[in-house]
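As a plain string of letters, each chain reads:
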Amino acid sequence: QQQVKQSPQSLIVQKGGISIINCAYENTAFDYFPWYQQFPGKGPALLIAIRPDVSEKKEGRFTISFNKSAKQFSLHIMDSQPGDSATYFCAASTETGRRALTFGSGTRLQVQP
Amino acid sequence: DVKVTQSSRYLVKRTGEKVFLECVQDMDHENMFWYRQDPGLGLRLIYFSYDVKMKEKGDIPEGYSVSREKKERFSLILESASTNQTSMYLCASKPGQGVSGYTFGSGTRLTVV
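Residues numbered from 1 in each chain as written. Chains lettered and ligands numbered in written order. Predicted model: local features only at pLDDT ≥ 70, side-chain atom pairs only at ≥ 80, totals over all residues. Heavy atoms only, no water.

The helix and strand inventory of chain A stands at 0 helices and 11 strands. Listed by position from the N terminus, the elements making up chain A come as β-β-β-β-β-β-β-β-β-β-β. Relative to a compact globule of 113 residues, whose C-alpha radius of gyration would be 13 Å, chain A shows 14 Å and is just as compact. Along the first, second and third principal axes, the C-alpha set of chain A runs to 45 × 30 × 20 Å. Residue burial in chain A is summarised as follows: out of 113 residues, 45% are buried. (Helix = DSSP H or I, 4+ residues; strand = E, 2+ residues; numbered from the N terminus. Rg over C-alpha atoms; globule rule 2.2 N^0.38 Å. Buried < 20%, exposed > 50% of the residue type's maximum accessible area, 1.4 Å probe, protein only.)

With that settled, the discussion passes to the state of the cysteines. Residue and element names in this part refer to chain A. Here the structure, examined in full by the defined rule, presents 2 disulfides over all chains. In this model, Cys23 is linked to Cys90 through a disulfide, with the two sulfur atoms separated by 1.8 Å. Residues Cys23 and Cys90 share a disulfide whose torsion about the S-S bond is about -90°; that sign makes it left-handed. Within this pair, whereas Cys23 is found in strand β3 (residues 19-25), its partner Cys90 is found in strand β9 (residues 86-92), the two being separated by 67 residues in sequence. The pair formed by Cys23 and Cys90 is uniform in burial state, with each residue classed as buried. (Disulfide = S-S within 2.5 Å.)

Another point: the interface of chain B and chain A. Taken residue by residue, the interface counts 23 residues in chain B and 21 residues in chain A. Taken over both partners, the interface formed by chain B and chain A buries close to 1800 Å², and the fraction arising from carbon and sulfur atoms is 54%. Contact with chain A buries surface across chain B, with B:Leu43, B:Val99 and B:Tyr102 losing the most and accounting together for 31% of the total. Across the chain B-chain A interface, the total number found is 0 salt bridges. Here chain B is connected to chain A by 5 residue pairs in polar contact (both at pLDDT 80 or more). Of all the secondary structure elements, the ones that give two or more residues to the side of chain B that touches chain A are β4 (31-38), β5 (42-49) and β9 (87-94) of chain B. The biggest single contributor to the side of chain B that touches chain A is β5(B), with 4 residues. (Contact = heavy atoms within 4.5 Å. Buried area = accessible area lost by both parts, 1.4 Å probe. Salt bridge = Lys/Arg side-chain N within 4 Å of Asp/Glu carboxyl O. Polar contact = N/O pair within 3.5 Å; in protein donor to acceptor, adjacent residues only side chain to side chain.)

Take a look at the structure:
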């Protein structure tokens, strides 16, 4: 059972464009939603995270939008750059109980110059 | 610079062999995790540990076991390797009882022939 569903599987964006990756979750107990960025040959690294008490969080060109009622959250990359080309994973976890991250299936982003 | 170090970057083993994947962290983190990463499936949790000598099953523990004799070291064991265990294995660690602060290793690419 996949508790966090991520789309699209791959995404090609022109330099300067907006990249949008979507995730949906099933477990209403989730209360921490991070996004990870992974470059080839490296482990995932935390990009940005949000908790459900806010609907949006912005850090530089990266924004998370969160819709609690729809159980959805998304990553927006503004002014996408070739250096943003990587695989992105959404994830979710709870503060109580099993505190291990549950990951989405990943999105391979390619930003063309 | 804090680190999670996985002992092997690439590993090739034969079917039926007992395989040990080693992970060491230098951050004095209480929590350690093993994930496997497969295309289209994202990262799936195999086992995790909240403390020395403690372990918890993740979502896909079948065919695997773990050992944590010291706080800084978490080993993943494939008792009898099979071809369907060919994958990228990622180790991670995290401090305390919160949900944030994960640090991932660079991964071990295991091929079982």
